[in-house]
Amino acid sequence: MRTKILIVCMLMLALVITGCSSSTSSNEDESDKIVLKFLHKWPQPQYAPYFEEVVKEFESQNPDIKIKMEAIADEPIKDKLRVILGGSEVPDIMFSWSGEFARKFVRADAALDLTPYLEEDAAWKDSFIPASLQPFSSDGKNYGIPLRFNGKFFVYNKEIFDKHGLQAPKTWDEFLDVLDTLKEEGETPLMLGNESPWAAIHYLTGLNQKMVDQEVRMNDYNPRSGEFTDSGYVKAMEMLAELNEKGYFMDNVNSSSHDMVKQMFFAGKGAMFYVELEEFQDVENALKGNWGFFPMPSIADGNGSQKYITGAPDGFIVSSKTKHPKEAIEFLKFLTSKENSLKLVKDIGWPSPIEGATNPDTALKQVAEGVDYMKQAEGMAEWLDTDVHAKVADVYLSNIQLLLDGSKSPEEIIKEVQAVAKQVQSEVE
Amino acid sequence: MKETYRNGRTAFLFILPALLLILFIVFLPIVLNLYNSFFRWNSFEAGKTFVGFDYYVRLFKDPVFFTALKNNSLYAIISLICQVGGGIIIAAILEDKLIRRFQPFFRTVFFIPSVISIAVVGLMWQLIYNPEIGLVNGVLNVIGQSEWAHSWLGDSKTAIYAVVAVSQWQYTGYMTMLFLIAMQKIPMEYYEAAMIDGASKINSFFHITLPQIKEMILVGSVITVIGAFKVFDEVYVMTFGGPGRSTEVLGTMLYRSAFRNDEMGYASTIGTIIFIITLTLSLIQMKLGKSGQEVE
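Residues numbered from 1 in each chain as written. Chains lettered and ligands numbered in written order. Predicted model: local features only at pLDDT ≥ 70, side-chain atom pairs only at ≥ 80, totals over all residues.

Asks: Sorry if this is basic, but what is going on with the overall build of chain B here?
Replies: Across its full length, chain B carries 14 helices and two strands. The principal-axis extents of the C-alpha atoms in chain B amount to approximately 80 × 75 × 30 Å. Split into buried and exposed, the 296 residues of chain B put 31% on the buried side. Intrachain contacts of chain B at a sequence separation of at least 6 include 69% that bridge at least 24 residues. (Helix = DSSP H or I, 4+ residues; strand = E, 2+ residues; numbered from the N terminus. Buried ≥ 20, exposed ≤ 12 C-beta atoms within 10 Å, placed from the backbone. Contact = placed C-beta atoms within 7 Å.)

Asks: How should I be thinking about the overall build of chain A in this particular structure?
Replies: The helix and strand inventory of chain A stands at 20 helices and eleven strands. In summary, chain A has a C-alpha radius of gyration of 24 Å against a globular reference of 22 Å for 429 residues, a match within 12%. By its C-alpha atoms, chain A is 95 × 50 × 40 Å across when sized along the principal axes. (Rg over C-alpha atoms; globule rule 2.2 N^0.38 Å.)

Asks: Teacher, can you tell me more about the confidence of the model for chain A here?
Replies: When pLDDT is averaged along chain A, the result is 87; 93% of the residues meet or exceed 70. Here residues 19–30 of chain A scores under 50 on pLDDT; set against residues more than four positions off or in separate chains, the count is zero contacts. (pLDDT = per-residue confidence, 0-100.)

Asks: Help me understand the interface of chain A and chain B, please; the structure alone is not making it clear to me.
Replies: Counting residues at the interface gives 28 residues for chain A, matched by 25 residues for chain B. Among the secondary structure elements, those contributing two or more residues to the side of chain A that touches chain B are α1 (2–22), α3 (74–86) and α19 (390–404) of chain A. Sort the elements by how many residues they give to the side of chain A that touches chain B and α19(A) lands first, with seven residues. Residues of the side of chain A that touches chain B, tallied by class, amount to eleven nonpolar, nine polar and eight charged. (Nonpolar A, V, L, I, M, F, W, Y, C, P; charged D, E, K, R; others polar.)

Asks: Before we go on, may I ask you to explain the confidence of the model for chain B in this structure?
Replies: Parts of the model with low pLDDT should not have their predicted coordinates read in detail. On average, residues of chain B score 88 in pLDDT, and 96% of them are at 70 or above. In the model of chain B, helix α1 (residues 2–6) of chain B stands out as the element of lowest mean pLDDT, 62, in contrast to helix α4 (residues 63–95) of chain B, which has the highest, 94.

Asks: Sorry if this is basic, but what is going on with the pairing of strand β1 (residues 34–40) of chain A here?
Replies: Regular strands place their side chains on alternate faces of the sheet. Residue and element names in this part refer to chain A. The sheet contact formed by β1 and strand β2 (residues 65–71) spans seven bridges and is parallel. Within β2, the residue paired with Leu39 across the bridge is Glu70. Read from β1 through helix α2 (residues 48–61) to β2, the crossover connection turns out right-handed. Where β1 meets strand β3 (residues 93–97), two bridges bridge the pair, whose relative direction is parallel. Bridge pairing links Leu39 to Met94 in β3. (Pairing = 2+ DSSP bridges. Right-handed = clockwise from strand over helix to strand, strands pointing away.)

Asks: Explanation requested: the environment of Lys365(A) in the structure shown.
Replies: Checked against the element boundaries, Lys365(A) lands in helix α17 (residues 365–376). In the structure, Lys365(A) is positioned 165 residues away from Ala200(A) in sequence and 27 Å away in space, judged by C-alpha atoms.

Asks: Explain the environment of Phe249(A) to me, please; I cannot follow it from the model alone.
Replies: All names here are of chain A. You can see Phe249 is positioned in the loop between α12 (231–245) and α13 (258–266). Here Phe249 falls in the buried class, since 22 other C-beta atoms lie within 10 Å of it. Sequence separation between Phe249 and Val234 is 15 residues; the distance between their C-alpha atoms is 20 Å.

Structure, rendered in structure tokens:
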């Protein structure tokens, strides 16, 4: 008898426990609206309102679609995306960098092939600057839609340059001369905040591209065939190390953050700073026209094309698990419409990949010029830390700090890169 | 009635809920983790490839693993000296008759750091260590020791010590609190008797206080040592293993493998190793703890 009562009690307890766990999931789809989950990486107060406004506008134009928006900041989203994609609640539209970062999701069949949708709507496809769609493609198919078209440029403080009668350099030798003059005049020639090592990796992105033959480099950046045996990779690191050894960089690069260094540059404490196009607006706000910019100078004995610009688009991929691909595409079209792209450029000063959206009327003069640079370039050198396999990127990222504090040589680093590239080759089918 | 007590089946029914909870929440993940460490897989891809003991072999050849082990051990040793050793000394001083009046004030002040969120602490110390505007270098400059001024977190030789120091700052007060509680349980008569016999304060510390709080010392040591092998957030917030890999600990190495390099299998391998280390340490604790009781 007692055992029976016990069993009943236990069953009731079990019911209570299971009851607790399942009671949370029922109140979402009470309306018959289509819910699209949208994940981006700009929770900052200066950018978030733009997305809120665009989403609101889209919802009012499409009353049967509801957008559930979420934002995770730049650094954490690198980890979270991987976890989210493995879970059951995958967002329909997600932020992604272009290049290998997106391609690994393509290899895992996590990203939807967007080629048919782009082919279907030629006007939409043609509205993009071609160079901005290409980095999101894999084996000739498009997997991502760019939102921004970002390039990396050296900005310089005109006041300091004028004081010493300097001009924006066009070649690497001129660049070294400028640095030398600045150093001798007691200025800090180059500002760099390498606490998060992507900052120095962006230098190496351009140097690798300029030093190594395009075909060889693409072969190496492909996880299936990467070897990194070209001598250009070592030379690229030597050139970066040289900037440091000659004292052209500021002190304490490895313990200063990019944002802090940016404030120091704005306060006039350094002559040059390597920044992204999206940061031009901040530079203008701080230096008020008293600045200029130039792309990474060309290198005479480099084997790569000297007419490339460092940079890449970033944008969105669609989950292959989405139940509403049509609506997701509808939203992406809305997000990249000419109207909203003009708004993007105007409201937050980002360079848009939409043809003609970033023009001198909407954007800062320098941003429009920057986009022109990228349109005229032969190609883009995509960020080294998102364009190679994550494990290769990790070796580069953690070693670049040691290169700059002098505890590792370029040869030692390239050996590690080669070893990990070999390992990756054997793992990627 | 008595039959029910002897009824093994009924007894089993009573412990069943707790047993199930422990099985599913504690033991199943451990077994799954071990199983997962034999496969190459990542969080967003469906398939798994069996690799056997490959990851274990790789781990024991990986120089970063030994850096991490070294850093974890450093963490453990320094924490033992500062948190347990320092904690006892501070607690003994605070328990002294002369200072006891102010004890609540000091107790609170020392305890405050341990209730601050680690993210806040990490960011705060990053600023304190900052070579340009930080407090540490500022003080060194003021007292005329500017040659000691240093990029504390930016130099691969000093970074790990800088991170370990933050943990000492944060948790010594917590340990002090534990020892204070233990010391307050010691009957005053012991000290009075010792005083009458002419024992000095140092003598009564070594011959009364220490033996009386032996159990707490054991518990405290084990908490700090196991904590040192599980440390993650301090390092993650302040350096994320850098510069280079110089401050990598097992926790950050696991995180990097899982969420940066997409190698869940390797991460599971590291997880298994952390489990073995902490399990061994706990077993040692249990053994030592028992022998402690026997002495009493």
